[in-house]
Amino acid sequence: MEKVIEYTNGEVTIIWKPEKCQHAGICVKMLPEVYHPKERPWVRPEFATTAQIIEQVSNCPSGALTYRMNNSNKSK
């Protein structure tokens with residue numbers, strides 16, 4: 001079963017699938033205030049707007065990061 005870890009800012013949930021991650025670093029480059037690979041938890045979505053998170057996740061080249069709006073069950 002694929003490992004899935006979720007992080008939320010209350011409005012949007014970032015869904016991370018570590019086995020898919022290619023460590024391109026785009027997440028850290030685009031939102032360094034949210035992604036801290038050497039810390040735990042390494043994702044802190046409360047430090048960005050929902051729009052910023054959606055834009056960044058949409059640029060994840062491996063698809064390891066997706067998102068879900070908390071007011072619906074639909075993932076992106």
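An account of the accompanying structure is given in this report. What you are looking at is a predicted structure, and each value in this text was computed from that prediction instead of being measured.

Topic: the environment of E33
- Mapped onto the fold, E33 is located in the loop between α1 (26-30) and α2 (50-57).
- Excluding anything up to four places from it in sequence, E33 contacts R44 and F47.

Overview of the packing of aromatic side chains
- Considering all chains together, one arrives at two aromatic pairs under this definition.
- Counting every residue linked through ring pairs, the aromatic cluster contains W16, Y35 and W42.

Looking at the pattern of salt bridges
- By the definition in use, this model includes three salt bridges.
- Measuring nitrogen to oxygen at the nearest pair gives 3.8 Å for the salt bridge that ties K17 to E2. One end of the pair, K17, is in the loop between β2 (12-16) and α1; the other, E2, is in the segment before β1 (5-8), with 15 residues separating them in the sequence.
- Between E39 and R44 there is a salt bridge, with its nearest N and O atoms 2.7 Å apart.
- On the basis of relative accessible area, R44 is assigned to the partly exposed category, the value being 21%.

Here we look at the sheet that holds strand β3 (residues 65-69)
- If you walk across this open sheet you meet the three strands as β1-β2-β3, and the pairing is antiparallel. Of all strands in the sheet, those with a lone pairing partner are β1 and β3, marking the two edges. Taken over all neighbouring pairs, the strand axes of this sheet differ in orientation by 25° on average, direction set aside.
- The sheet contact formed by β1 and β2 spans four bridges and is antiparallel. Following the sheet pairing, T8 is matched in β2 by T13.
- Lying over the sheet, α2 contacts β2 and β3, oriented at roughly 145° with respect to β3.

About the criteria used
- Residues numbered from 1 in each chain as written.
- Predicted model: local features only at pLDDT ≥ 70, side-chain atom pairs only at ≥ 80, totals over all residues.
- Heavy atoms only, no water.
- Helix = DSSP H or I, 4+ residues; strand = E, 2+ residues; numbered from the N terminus.
- Contact = heavy atoms within 4.5 Å.
- Phe/Tyr/Trp six-rings, centres within 6.5 Å; stacked < 30°, edge-to-face > 60°.
- Salt bridge = Lys/Arg side-chain N within 4 Å of Asp/Glu carboxyl O.
- Buried < 20%, exposed > 50% of the residue type's maximum accessible area, 1.4 Å probe, protein only.
- Pairing = 2+ DSSP bridges.
- Axes fitted to C-alpha atoms, helices over the stretch in contact; angles between N-to-C directions.

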